[in-house]
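So the chains spell out like this:
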Amino acid sequence: MVCQGTTEHIITQRDTIQLFMRPKIAICIPTYNEADTVGTTTTKIDVGLHKYLRDFEVIIVNADNNSADRTKNNFLSSKTNSKKKYLKSSKLGKGNNLVNFLLFCKLKGIDFAATIDSDIKTLDPIWIEHLLNPIISNKADFVTPLYFRNKFEGSTTNHFAFPLVYTFFGKSLRQPIGGEFSFNRSFIKYCLSKLISSEVRQYGIDIFLTIHALGGNFRVEEIFLGRKLHKPSFPKIVPMFKQVFASAIQTSSSYDIYKEQADDLSLKNKPYIDNYKDFKHEVKIKELANFAREQFFNNNALYLRNNLC
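Anyway, here's the lowdown on the structure attached to this text.

Brief notes about the overall build of the chain
Within the chain one finds 11 helices and eight strands. In the chain, which comprises 309 residues, the share counted as buried stands at 45%. In the chain, once contacts between residues fewer than 6 apart in sequence are set aside, the share between residues at least 24 apart is 81%. Carbon and sulfur atoms make up 54% of the accessible area of the chain, which amounts to about 16,800 Å² in all.

Spelled out as structure tokens, the structure:
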């Protein structure tokens, strides 16, 4: 027989336990030799977590490709209110970093997660709240970013990733490979159950996540973050495009093409072209243009044989 006082004491203990079982949030910063930016990025993320999400149990994770510089040291020595965790991958590739992060989230029972690239000059702490709020409030399972970007930026996005996603799934997501995403526990589990190819483990990881979000019928929402300025990615466009292309084809092949009414592009104020004039890729553009011209002439016989010119 249990007396009334004892019962009340047990209920109080349970209530106390529930109080300390706060939902868990993890923010990932994937890096490779980002010693010059990772400290500032970590600090800004921590400010956002402390200001907007202080009721949660939070951790900032640096998923790193075993950088040769001081990335690890600068991350761990940055002053934060949040806990920090350094994850090392001996194999290069942004995808390897994010797969390690997803595995970490599954192991630690993370409820809500987000990824932030390390080199963003315009990162604002409020981005953390904007990215995570739709997930936490159960309005979405996966959130993609929307930015103001220079018209010469995002070539792979504008000319391949966006058209493919819109054509295949009928969804107008301007930044399907934007880099800043958020997602919940069920989405993490779903992605880890899928084939993760060598291309996905490189730059193909972003399109892998977006396509599985759409193909898996998860609730997807776009969030406007403002202007995005970061280190030039244009010089890496050739290997990056190959990896994104291969990952997109591999991942989308497991889903049926969407045959219903697609999003009406005329009703959306997109693609948010930025008038910011800081564009420094003129030299690389000329190099790529000359490379394309050489390839055209070198493969002219192939094009003629297949009636391509």
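Picking up after the structure, the text goes on.
Describing the pattern of salt bridges
One pass over the full model with this rule turns up six salt bridges. Of the charged contacts in the structure, one is a salt bridge between aspartate 111 and arginine 185, with a shortest N-O distance of 2.7 Å. With aspartate 111 in the loop between helix H4 (94–108) and strand S4 (112–115) and arginine 185 in helix H7 (residues 185–192), this residue pair connects regions lying 74 residues apart in the sequence. Across the salt bridge formed by lysine 228 and glutamate 180, the nearest N and O atoms sit 2.9 Å from each other. Of this pair, lysine 228 sits in the loop between strand S7 (220–227) and helix H9 (237–252) while glutamate 180 sits in the loop between helix H6 (155–169) and strand S6 (181–184), placing them 48 residues apart in sequence. Taken as a pair, lysine 228 and glutamate 180 share a single burial class, namely buried. Among the charged side chains, a salt-bridge network with shared partners connects Lys94, Asp117, Glu180, Asp206 and Lys228.

Re H4
Residues that lie three or four places apart on an α-helix share one face, since the helix turns once every 3.6 residues. Relative to the 21 Å expected for 15 residues at 1.5 Å per residue, H4 spans 21 Å between its end C-alpha atoms, a close match to the ideal helical length. Those residues of H4 that sit buried are Lys94, Gly95, Asn96, Asn97, Leu98, Val99, Phe101, Leu102, Phe104 and Cys105. Phi turns positive one or two residues past the end of H4, at glycine 109, with a value near 65°.

Observations concerning the pairing of strand S2 (residues 57–64)
Counting buried positions along S2 gives seven out of eight residues, so the element sits mostly inside the fold. With eight bridges connecting them, strand S1 (residues 24–31) and S2 associate as parallel partners. Looking at the pairing, isoleucine 29 lines up with asparagine 62 of S2. Crossover handedness for the path S1 to helix H2 (residues 38–52) to S2: right-handed. Bridging between S2 and strand S3 (residues 83–88) involves six bridges; their strand directions are parallel. Residue pairing across strands places isoleucine 60 opposite lysine 84, the latter belonging to S3. Once you follow S2 into helix H3 (residues 71–77) and on to S3, the crossover reads as right-handed.

Notes on unusual backbone geometry
One non-glycine residue, asparagine 33, adopts positive backbone phi at about 55°. Here asparagine 33 lies in the loop between S1 and H2. In this structure asparagine 33 comes out as partly exposed when scored by relative accessible area, which is 29%. Non-glycine residue asparagine 217 carries a positive phi angle of around 60°. Looking at where asparagine 217 falls in the secondary structure, it is placed in the loop between helix H8 (205–215) and S7.

Cut-offs applied
- Residues numbered from 1 in each chain as written.
- Predicted model: local features only at pLDDT ≥ 70, side-chain atom pairs only at ≥ 80, totals over all residues.
- Heavy atoms only, no water.
- Helix = DSSP H or I, 4+ residues; strand = E, 2+ residues; numbered from the N terminus.
- Buried < 20%, exposed > 50% of the residue type's maximum accessible area, 1.4 Å probe, protein only.
- Contact = heavy atoms within 4.5 Å.
- Areas by Shrake-Rupley, 256 points an atom, 1.4 Å probe, with all protein chains shown as cover.
- Salt bridge = Lys/Arg side-chain N within 4 Å of Asp/Glu carboxyl O.
- Expected span 1.5 Å × (residues − 1).
- Pairing = 2+ DSSP bridges.
- Right-handed = clockwise from strand over helix to strand, strands pointing away.

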